Amino acid sequence: MISFKDLNGNQVTLAFVSQAFSMKPKHVFVICKYQNKWLLTKHPYRGIEFPGGKIEKGETLREAAVREVYEETGGLISNIVYIGEYCVEDKQYGTFVKAIFYAEIEKINEKNNYYETDGPLLVNGDICDHLNDREYSFLMKDQVLKESLKRIESMQLLN
Ligand code: GTP
């Protein structure tokens, strides 16, 4: 397990095993790749981040990941792999756990509504080169994404 404070000062614990915490994941974070580019979106106040959100009643984590990616980017997933999960002890919101997935996107449908986001945003090259940019969301800047990318690479999921 990896433990650190996020940019809000909240304790975050990251693990690359399922059911690592006593609390079940109720949120998903989906690292998306489309045609050798990263597929992201822009959250209305947090900024650029990978798609994700809360699971809805009766949904599995994977179903939530598929829905959130489609809602926020129009991306259709061809392959999705569980990577790990992290627990955020948010001082105001409370403690919650997010499951991390890696998804390959086969198609991006154009839509009229991307819920609260700005829709799909494709980024070429090393995503880590962009993370210090002001437009990027704080949750992209901590060890969760960097360690997850290392894990994805070690699983030989990147082509
Ligand atoms: P949306 O529902 O996505 O529009 O955002 P929200 O801020 O209303 O709720 P959310 O459940 O996304 O976030 C609740 C709190 O947890 C906020 O303080 C967020 O900044 C924080 N938070 C959400 N996701 C993450 C994350 O992946 N990492 C960290 N460190 N904090 C997060």
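Model, not experiment: these values are computed from the prediction.

Parameters at a glance
All residue numbers refer to position in the chain's written sequence, counted from 1. Local features in this predicted model are restricted to residues whose pLDDT is 70 or higher, and side-chain atom pairs enter the listing and the counts only when it is 80 or higher, whereas totals over whole chains, interfaces and linings include all residues. Here the side-chain values reflect all heavy atoms present in the structure, with hydrogen atoms and water set aside. Only DSSP runs of H or I reaching four residues or more are called helices, and only runs of E reaching two or more are called strands; each is numbered from the N terminus. Only protein chains enter the calculation, and the probe is 1.4 Å; a residue is then buried if its accessible area is under 20% of its type maximum, exposed if over 50%, and partly exposed in between. Distance and chemistry together define a polar contact, namely a pair of N or O atoms within 3.5 Å, with one atom able to donate a hydrogen and the other to accept it when in protein, and with adjacent residues in sequence counting only for side-chain atoms on both sides. Two residues form a contact once any of their heavy atoms are found within 4.5 Å. Consider each residue's heavy atoms; a residue with any of them within 4 Å of a molecule or strand counts as near. In these tables, accessible area is a Shrake-Rupley quantity obtained with a 1.4 Å probe, and a residue counts as shielded only by the protein chains included in the view. Amino acids outside the nonpolar list (Ala, Val, Leu, Ile, Met, Phe, Trp, Tyr, Cys, Pro) and the charged list (Asp, Glu, Lys, Arg) are all regarded as polar, and Gly is one of them. Take the buried Ala, Val, Leu, Ile, Met, Phe, Trp, Tyr and Cys residues and link them wherever side-chain atoms come within 4.5 Å; each set so joined is a nonpolar core. Ring pairs are drawn from Phe, Tyr and Trp, using the six-membered ring of Trp, whenever the two centres fall within 6.5 Å, and their geometry is named by plane angle: stacked under 30 degrees, edge-to-face over 60, tilted for the rest. Charge-over-ring placement is defined geometrically: NZ (Lys) or CZ (Arg) within 6 Å of the ring centre, and within 35 degrees of the ring normal. Here, expected helix span is obtained from the residue count minus one, scaled by 1.5 Å.

**A short note on the side chain of Thr41**
- You can see Thr41 is positioned in strand E4 (residues 37-43).
- Accessibility expressed as a relative area gives 1% for Thr41, which makes it buried.
- A polar side-chain atom of Thr41 sits 3.2 Å from the main-chain carbonyl oxygen of Glu72.
- Aside from chain neighbours lying at most four places away, what touches Thr41 is Gly47, Ile48, Glu49, Pro51, Glu72, Thr73, Thr117, Asp118, Gly119 and Leu121.

**Here's the deal with the site of the ligand**
- Close to the ligand lie 17 residues, the nearest being Asp6, Tyr45, Tyr86, Asp90 and Lys98.
- The separation between an oxygen atom of the ligand and a polar side-chain atom of Arg46 is 3.2 Å.
- A distance of 2.5 Å is found between an oxygen atom of the ligand and a side-chain nitrogen or oxygen belonging to Tyr86.
- Bound to the protein, the ligand loses 79% of the 620 Å² it would expose on its own.
- Breaking the shell around the ligand down by element, the ones donating at least two residues are strand E7 (75-90) and strand E8 (94-108).
- Among the elements that take part in the shell around the ligand, E7 stands out by supplying three residues, more than any other.
- Residue composition of the shell around the ligand, by class: eight nonpolar, three polar and six charged.

**Observations regarding the nonpolar core**
- If you look at the biggest cluster of nonpolar residues, it comprises 27 residues, and the most contacted ones within it are Phe29, Ile31, Trp38, Phe50, Ile127 and Met140.
- Residue assignment for this core shows that the elements contributing at least two residues are strand E2 (11-15), strand E3 (27-34), E4, E7, E8 and helix H2 (143-154).
- Here Ile31 is in contact with Trp38, Phe50, Ile100, Phe101, Tyr102, Ala103, Leu145, Ser148, Leu149 and Ile152, once residues within four sequence places are set aside.
- Grouped together as the second largest cluster of nonpolar side chains are 14 residues, Tyr34, Ile77, Ile80 and Ile105 included.

**With respect to the side chain of Thr73**
- Along the chain, the position of Thr73 falls in helix H1 (residues 61-73).
- At 2.6 Å, the side chain of Thr73 and the backbone oxygen of Val69 are in polar contact.
- The residues contacting Thr73, other than those within four sequence positions of it, are Leu39, Leu40, Thr41, Pro51, Ile108, Asn109, Tyr114, Gly119 and Pro120.

**Considering the packing of aromatic side chains**
- The final tally for this structure, using the stated rule, is five aromatic pairs.
- Their ring planes at 85° and their centres at 5.3 Å tell us that Tyr93 and Phe96 sit as a pair that is edge-to-face.
- Taking NZ or CZ as reference, Lys33 lies 4.3 Å from the ring centre of Trp38, over its face.

**Regarding H1**
- Between its terminal C-alpha atoms H1 stretches 18 Å, which fits the 18 Å expected from 13 residues at 1.5 Å a residue.
- Those residues of H1 that fall on the buried side of the exposure criterion are Ala64, Ala65, Arg67, Glu68, Val69, Glu71, Glu72 and Thr73.
- Where H1 is buried, its residues meet E3, E4, strand E6 (52-54), E7 and E8.

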